[in-house]
Amino acid sequence: MQSMSDKPRLVEIEIRFNPKLILEYMTSRNGFWRHASFLIVTLFWISTAFGLQLALPTVFPAWPWLPAAWGTAYLATRRSPVCAMASAFAIGLAMDAICFQPLGPSSIILVLVALAARLFSARIPWRKFFITNTLALSIMSTAIFVIGKAFFCRPAATLETDFALLPKFLFGGILLSLPICFLTFSVKDIIEGLLFPSDEEPPEE
């Protein structure tokens, strides 16, 4: 009697491992370590964005310094769309959680920042127009973040109070964003240029 194992199979799948290629992938500059370092740097920029925002003496709107918005704008123009949206959502979620606020509003605001930054950078890419791109991103991200925080993250405040505070923090934040964004974007680009040379960077999507 023929055993079941001797019967011909309709589908056969064979998996083979190539030790040489696996070793090359794990040790080459374009292999595992490049992808791992790219992920680590991205996570570092994310943690820096909301970490600096929360390290202020009093969280927004007591001080018009907005590293969460600026960090989101940077990631939105230097990463793929999926990574940019996920980063924006993670930054906002971390801010809401650590501040003991309802989860979601900050994430929605920062996702809007990321969308606006990507739409603008599609027309004026940062690689060719760094000054114009950074100038626009600093103003745009500050405006969206301040307006969103003022009207959607302060349920106990009245509209009169929000409109009274808005000019101060909007214009103050924009003026502060100009030098800080040019400095931080340049430093981050230098770091990424050293870690990920241009010929090895993933293509823009």
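Every residue gets a number counted from 1 within its own chain, in the order that chain's sequence is written. The predicted nature of this model means local features are confined to residues of pLDDT at least 70 and side-chain atom pairs, given and counted, to a pLDDT of 80 or more, with totals for whole chains, interfaces and linings taken over all residues. Water and hydrogen atoms play no part in the side-chain values, which are based on all heavy atoms of the structure.

*Asks:* I'm lost on the overall build of the protein in this one. Help?
*Replies:* When helices and strands are tallied, the protein shows 7 helices and 0 strands. Scanning the protein from its N terminus toward the C terminus, one meets helices and strands in the order α-α-α-α-α-α-α. All accessible areas in this document rest on Shrake-Rupley with a 1.4 Å probe, and a residue is counted as covered only by the protein chains that are shown. Of the roughly 12400 Å² of accessible surface on the protein, a fraction of 73% belongs to carbon and sulfur atoms. Secondary structure follows DSSP: runs of H or I at least 4 residues long count as helices, runs of E at least 2 residues long count as strands, and numbering of each begins at the N terminus.

*Asks:* Could you clarify how one ought to interpret the side chain of Ser141 in this entry?
*Replies:* Relative to the helices and strands, Ser141 is located in helix α6 (residues 130-152). The classification of residues rests on relative accessible area computed with a 1.4 Å probe and restricted to protein chains. Under 20% of the type maximum is buried, over 50% is exposed, and intermediate values are partly exposed. Residue classification places Ser141 among the buried residues on the basis of a relative accessible area of 1%. The definition of a polar contact used here is a pair of N or O atoms within 3.5 Å, where within protein one atom must be able to donate a hydrogen and the other to accept one, and adjacent residues in sequence count solely through side-chain atom pairs. Of the polar contacts made by the side chain of Ser141, one reaches the backbone oxygen of Leu137; its length is 2.6 Å. At 3.4 Å, the side chain of Ser141 forms a polar contact with the backbone oxygen of Ser138. Pairs of residues are marked as contacts when any of their non-hydrogen atoms sit within 4.5 Å. The contact partners of Ser141, leaving out residues within four places of it in the chain, are Ala69, Trp70, Ala73 and Val113.

*Asks:* What is the right way to read the packing of helix α3 (residues 67-78) against helix α5 (residues 105-123) from this model?
*Replies:* Helix-helix packing is described using two parameters, namely the angle between the two axes and the distance between the axes. Put simply, α3 and α5 touch, their axes get as near as 8 Å, and they point 45° apart. Judged by the inter-axis angle, α3 sits oblique to α5. Considering how the two elements wind past one another, α3 and α5 form a crossing that is right-handed. Taking contact as the criterion, the partners of Ala68, Ala69, Thr72, Ala73, Ala76 and Thr77 in α3 are, on α5, Leu110, Val113, Ala114, Ala117, Arg118 and Ser121. Axis definition: a line fitted to C-alpha atoms, limited for helices to the stretch in contact. Angles are taken between N-to-C directions and run from 0 to 180 degrees. Roughly parallel means an angle under 35 degrees; roughly antiparallel, over 145; roughly perpendicular, 65 to 115; everything else is oblique. In a left-handed crossing the near helix is turned counterclockwise from the far helix by less than a right angle, and in a right-handed crossing that turn is clockwise.

*Asks:* Could you clarify how one ought to interpret the packing of aromatic side chains in this entry?
*Replies:* The description of an aromatic ring pair uses the distance of the two centres, along with the angle that the planes make with each other. Within 6.5 Å between ring centres, the rings of Phe, Tyr and Trp (the latter by its six-membered ring) count as paired, and their orientation is classed by plane angle as stacked under 30 degrees, edge-to-face over 60, tilted in between. For the coordinates displayed, the defined rule picks out 5 aromatic pairs. Between the aromatic rings of Phe38 and Phe196, the centroid separation amounts to 5.1 Å while the plane-to-plane angle is 70°, which identifies the pairing as edge-to-face. Here Phe196 lies in the segment after α7 (159-195) and Phe38 lies in helix α2 (residues 32-54), a separation of 158 residues in the sequence. Considered together, Phe38 and Phe196 belong to a single accessibility category, that of buried residues. Among the aromatic residues, those joined into a cluster by ring pairs are Phe44, Trp45, Tyr74 and Phe185. Note that Lys188 overlies the ring of Trp45, its terminal NZ or CZ placed 5.1 Å from the centroid. Distance and angle both matter: a charge sits over a ring if NZ of Lys or CZ of Arg is within 6 Å of the ring centre and within 35 degrees of the ring normal.

*Asks:* How should the confidence of the model for the protein be read in this particular structure?
*Replies:* Atomic detail in the predicted coordinates should be set aside for any region of low pLDDT. Each residue carries a pLDDT score, the predictor's confidence in it, ranging from 0 to 100. Mean pLDDT for the protein: 80, with 76% of residues reaching 70 or above. Predicted confidence for residues 200-205 stays below pLDDT 50, and this span has 14 contacts to residues more than four positions away or in other chains.

*Asks:* So what exactly am I meant to see when it comes to the packing of α2 against α3 here?
*Replies:* Between α2 and α3, the least distance of the axes is 7 Å, while the angle of their chain directions is 160°. By the criterion of interaxial angle, the relationship of α2 to α3 is roughly antiparallel. Only Pro67, Ala68, Gly71, Tyr74 and Leu75 of α3 make contact with α2, whose side of the interface consists of Thr42, Trp45, Ile46, Ala49, Leu52 and Gln53. When grouped by side-chain class, the residues that make up the contact of α2 with α3 number 8 nonpolar, 3 polar and no charged. Gly is placed with the polar residues, together with every amino acid not listed as nonpolar (Ala, Val, Leu, Ile, Met, Phe, Trp, Tyr, Cys and Pro) or charged (Asp, Glu, Lys and Arg).

*Asks:* I would appreciate a short explanation of the pattern of salt bridges in the present structure.
*Replies:* A pair can form between side chains of opposite charge whenever their charged atoms are brought close. The salt bridge definition used is simple: a Lys or Arg side-chain nitrogen within 4 Å of an Asp or Glu carboxyl oxygen. Here the structure, examined in full by the defined rule, presents 2 salt bridges. Taking the shortest distance from any N to any O, the salt bridge between Asp189 and Arg78 comes out at 2.8 Å. Highlighted residues: Asp189 in helix α7 and Arg78 in helix α3, separated in sequence by 111 residues. An identical accessibility class is assigned to Asp189 and Arg78; each is buried. The closest approach of N and O atoms between Glu192 and Arg79, which form a salt bridge, is 2.4 Å. Taken together, the positions of Glu192 in helix α7 and Arg79 in the loop between α3 and α4 (81-98) put the pair 113 residues apart, joining distant regions of the chain. Here the two residues Glu192 and Arg79 agree in accessibility, since each one is buried.

*Asks:* Looking at this structure, how should I read the environment of Phe151?
*Replies:* Here Phe151 shows up in helix α6. Along the primary structure Phe151 and Leu166 are separated by 15 residues, whereas in three dimensions their C-alpha atoms are 9.3 Å apart.

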